[in-house]
Amino acid sequence: MSAISLRGARLSYGDRVLWDGLDLDVEPGEFLAVLGPNGSGKTSLMRVLLGLQPLSSGTVLIAGGNHAIGYVPQQRALDQSMTLRGRDLVGLGLDGHSWGFGLRGRRERRIRVDAAIASVGGSRYADSPVGVLSGGEQQRLRVAQALVGDPAVLLCDEPLLSLDLANQRVVSELIDKRRREADTAVLFVTHELNPVLPLVDRVLYLVGGRFRVGTPEEVMNSRTLSELYRTPVEVVRVRDQILVVGAGACEEQTHHLSAEAAS
Amino acid sequence: MSFLDLLELDFVQTALIAAAVLGLVAGVLGPLVVTRKMAFAVHGTSELAFTGGAAALLLGVGIGYGALAGSIIAAVLLGVLSRRESDRDSVIGAILAFGLGMGILMLALYKGRASNKFGLLTGQIVGVDSTDLNLLVVSSGVVLVVLAFIYRPLFFASVDPDVAVSRGVPVRALSVVFAVLVGVATALSVQVVGALLVLALMITPAAAAMRVTASPLRATVLSVVFAEVAAVGGILLSLQPGLPVSALVTAVSFVIYLVCRGIGALRRRVLV
């Protein structure tokens, strides 16, 4: 059975159709990258899968239901003075949604939280206030927070944004390790394919109500992207990177291009 | 009268019990209020509790009930009108100013004893009678039971709203429920320390505790201890010299805050 299954999925706000007729199966252990410019419905897709946004039509099915989902958000600066340690953040991922204090099973809870923190190499700063940790350290704890509940599906919403290259690699490798070891399906929303390109099995590319699903080779080529964007787009492979050049086709990637050229 | 004689007095004992109950409720709520950056909302709510109390005085019903009604209405209004985070500050400001004005109007229309009027703003714990005490204990019990039930998701929603939403936590509904709980606690505090000084019990002890620990559990325990020391200690200190209770409660609570800030700063310097 697929971990995620969308059938004839349509999402529209009034006249504006974000996507329509979307059939998508993500298998256990598969790594699917979701790409597309701002406003193409990447975040809405995430919200649909989390059960926060109903589809306009079609069906969505998550194996194991909503509580089998782990969610890794963007790295955002956390309040420096926040009364919250790393282990508290991770623990919330385990049972923060349950009612009551949760006084039973504290021993077992501690063991699971410690294990999740150790699996991302965060034991050293597990007891520090989260606000004083670096972006990379916070994001490792975010991965632990998503994994501690032993999810069948991992939804990642731009988890590498605002991390430096070294930390981008660490965080994406942690996610990759998880899906290989536990057969967790990964749906990875990103502006930037290159940092995760070696890990990606398939790409879902969304542009202005149109979309294409396939391997990176099938989707990330000049012909397909030109069709999607309805304007000439050039896709160039330089070493193991994919660069997209087009008439404002995807700003982030052109930014990336100029950054690469500068360095 | 000696200090011990004073402690024998009925109204002093009632006041001490009231202070202890309030210290517990305010201390438990405090860290959540500070984390959610609701200090100004608490202040606004307390002004509306004052308005409610003044209305009750004018209508001849119990001030406690008036204060309770006023702050619950305020809490719901704030919850409904400030849908967006960025609106909250200005919405509170607008409601607070209007409420305070209405309260003053009602006091002006009230023909009874003047000390009743002043008490609403600065507290009149020695005036707490046994009916008030019953209302206080029962409402506090209700607040604590509800809080115990929603504590974990509420805490999740307070520190990590995005991920809490993704896990199906009803973040919006919880924030309204919490605002009402804070409203009830605020109305209760108004009886003891007055509308102007509610922050001394609800915010200062929690802010102090959060300076010295990053553990949510330890912060809550410390916040309760600090609030108890301030509330009960403030009353005890006020007895012999016959000074206003609210002045001493706020003074004790502020001294604790300064000490904790100092400890926090020292510790950070050692760590860095």
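Note that the structure is predicted; figures quoted are calculated from it, not measured.

Parameters and conventions
Residues numbered from 1 in each chain as written. Chains lettered and ligands numbered in written order. Predicted model: local features only at pLDDT ≥ 70, side-chain atom pairs only at ≥ 80, totals over all residues. Helix = DSSP H or I, 4+ residues; strand = E, 2+ residues; numbered from the N terminus. Buried ≥ 20, exposed ≤ 12 C-beta atoms within 10 Å, placed from the backbone. Pairing = 2+ DSSP bridges. Axes fitted to C-alpha atoms, helices over the stretch in contact; angles between N-to-C directions. Contact = placed C-beta atoms within 7 Å. Parallel < 35°, antiparallel > 145°, perpendicular 65-115°, else oblique. Left-handed = near helix turned anticlockwise from the far one by under 90°. Nonpolar A, V, L, I, M, F, W, Y, C, P; charged D, E, K, R; others polar. pLDDT = per-residue confidence, 0-100. UniProt positions renumbered as here; feature names shortened; annotations may be inferred.

Caption draft 1: Examining the overall build of chain A more closely. The secondary structure content of chain A amounts to eight helices and eleven strands. Based on the C-alpha atoms only, the size of chain A along its principal axes is roughly 60 × 45 × 35 Å. For chain A, the residues scored as buried account for 41% of the 263 residues in total.

Caption draft 2: Broad picture of the sheet that holds strand S9 (residues 210-214) of chain A. Residues and elements named next belong to chain A. Pairing in this open sheet of six strands is mixed, and the strands run S5-S6-S7-S3-S8-S9 from one edge to the other. A single partner strand is all that each edge strand has here, and the edge strands are strand S5 (69-72) and S9. Recorded for the sheet is a direction-independent mean angle of 15 degrees between the axes of neighbouring strands. Sheet topology note: the S5/strand S6 (residues 153-157) ladder contains four bridges and is parallel. Its bridge partner being in S6, valine 72 is matched across the sheet by cysteine 156. Strand contacts of helix H1 (residues 42-49): strand S3 (31-35), S6, strand S7 (185-189) and strand S8 (202-207), with the helix running at about 150 degrees to S6, the strand carrying the most contacts. Its contacts with the sheet place helix H4 (residues 135-147) against S5 and S6, and it is angled at close to 170 degrees to S5.

Caption draft 3: Layout of the packing of helix H2 (residues 86-95) of chain A against helix H3 (residues 106-119) of chain A. All names here are of chain A. One can describe the packing of H2 onto H3 by two numbers: an axis separation of 10 Å at closest approach and a directional angle of 110 degrees. When the axis of H2 is compared with that of H3, the two are roughly perpendicular. For the element pair H2 and H3, the recorded crossing hand is right-handed. Note on element contacts: H3 touches H2 through Arg109, Arg112, Val113, Ala116 and Ile117, opposite Gly86, Arg87, Val90, Gly91 and Leu94. Looking at the contact of H2 with H3 residue by residue, the class counts come to five nonpolar, two polar and three charged.

Caption draft 4: Focus on the confidence of the model for chain A. Chain-level pLDDT for chain A is 88 on average; 94% of the residues reach the 70-or-more range. Low pLDDT, under 50, characterises residues 249-263 of chain A; the predicted model gives this stretch 15 contacts beyond four residues in sequence or across chains.

Caption draft 5: Layout of the UniProt feature "domain: ABC transporter" (unreviewed entry) in chain A. As annotated by UniProt and renumbered to match this structure, "domain: ABC transporter" (unreviewed entry) occupies residues 4-233 of chain A. The span residues 4-233 of chain A is 33% helical and 25% strand by assignment, and the distance between its end C-alpha atoms comes to 31 Å.

Caption draft 6: Just the UniProt feature "transmembrane region" (unreviewed entry) in chain B, in detail. UniProt marks residues 12-34, 55-78, 90-110, 131-151, 171-204, 216-237 and 243-260 of chain B with the feature "transmembrane region" (unreviewed entry), using the numbering shown here. Helix makes up 88% of residues 55-78 of chain B and strand 0%, whereas the separation of the span's terminal C-alpha atoms amounts to 20 Å.

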